[in-house]
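Single-letter residue listing:
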Amino acid sequence: MDYLLRGIERYVAAGECPVCREMWEAEEAFYRWFDIEYYGSLSLFEQVSRGGFCAGHGKKLAAYGPLLTGMYQFVLGGRLKLLDNYRMRLGILLMSVWRKLSFLLRFLHRRLDKMLAADKLCPVCEDRESARKLCLIMLHRYLAAPGNRAKYGPNPCLCWDHLVDMLATSQDFAETIFLVEVHLGQLRDWEKQFSEYFRKLDYRFAAEAKGQEQHVWHKALRFSVNQAKVAKEE
Ligand SMILES: [Zn+2]
Ligand SMILES: [Zn+2]
């Protein structure tokens, strides 16, 4: 766990959201291991059979080309059996005496549909989610250690989604207040920089030297990127 704390220290010093970074690292590790052994791993095959990859990660995985053949032979074989089984049960249902009670038939039919529904997350999304949860725990630990709030305060680096996650999982009221105050200060500072940007667009002040206000849009963009969407659409 110490390596995670050291990582958090580095990300805080670099102004990078530690949770986003750890989720990205988890995803990269998945792809590295996919190349080495996951492509032939039965437990991964089973997980994919019960949910599949999300659209974004499926698109990335397509880069492995024919290496995916074994996995999808397994997955599609499972789907074929499932659908065949579904058809058989549907046939039994339609032949039964219950078919005359249409509300009961609809109810039993809906229950049958559940056997086709996915019950597992995309494996890459699942690894990202585990990394998110672990990093939140470690970040609370980091902020509880002496001296670390003084390091975090001047350069708050959490993105909005992970700030919200930190506030939702905080067990320490002082830490909650600290995070809210620090990020309020950051948002107020950015608000001033936005005003400054538009003030300098006015021809009367256009000759003034340009400063930080020229880059505030980028900081705001990084801060407010929707992490759930990153996982599904990148
Ligand atoms: Zn983040
Ligand atoms: Zn995914």
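Above: the structure in question.
As the structure is a prediction and not an experimental result, all values here were calculated from the model.

Moving on to the overall build of the chain. Regarding its fold elements, the chain presents 12 helices and zero strands. Shown N-terminal to C-terminal, the secondary structure of the chain runs as helices and strands in the order α-α-α-α-α-α-α-α-α-α-α-α. The C-alpha radius of gyration of the chain comes to 25 Å, more than 25% above the 17 Å expected for a compact globule of 234 residues. With the principal axes as the frame, the chain shows a C-alpha extent of 80 × 45 × 40 Å. Expressed as a percentage of contacts within the chain between residues at least 6 apart in sequence, the contacts between residues at least 24 apart total 73%.

This brings us to the packing of helix α3 (residues 42-49) against helix α5 (residues 69-95). Interhelical geometry of α3 versus α5 gives an angle of 45 degrees and a closest axis separation of 9 Å. Our classification of the angle between α3 and α5 gives oblique. When you trace α3 past α5, the crossing you get is right-handed. On the side of α3, the interface is formed by Phe45, Val48 and Ser49, while α5 contributes Met71, Phe74, Val75 and Gly78. Residue composition of the contact of α3 with α5, by class: five nonpolar, two polar and no charged.

As a further point, take the packing of α5 against helix α6 (residues 102-113). Two quantities define a packed helix pair, namely the angle between the axes and the distance from one axis to the other. Contact geometry for α5 and α6: axes closest at 11 Å, N-to-C directions at 170 degrees. The orientation of α5 relative to α6 falls into the category roughly antiparallel. Considering how the two elements wind past one another, α5 and α6 form a crossing that is right-handed. Judged by residue contacts, Tyr86, Arg89, Leu90 and Leu93 of α5 engage Leu105, Leu108, His109 and Leu112 from α6. Split by residue class, the contact of α5 with α6 holds six nonpolar, one polar and one charged.

What counts and what doesn't
Residues numbered from 1 in each chain as written. Chains lettered and ligands numbered in written order. Predicted model: local features only at pLDDT ≥ 70, side-chain atom pairs only at ≥ 80, totals over all residues. Helix = DSSP H or I, 4+ residues; strand = E, 2+ residues; numbered from the N terminus. Rg over C-alpha atoms; globule rule 2.2 N^0.38 Å. Contact = placed C-beta atoms within 7 Å. Axes fitted to C-alpha atoms, helices over the stretch in contact; angles between N-to-C directions. Parallel < 35°, antiparallel > 145°, perpendicular 65-115°, else oblique. Left-handed = near helix turned anticlockwise from the far one by under 90°. Nonpolar A, V, L, I, M, F, W, Y, C, P; charged D, E, K, R; others polar.

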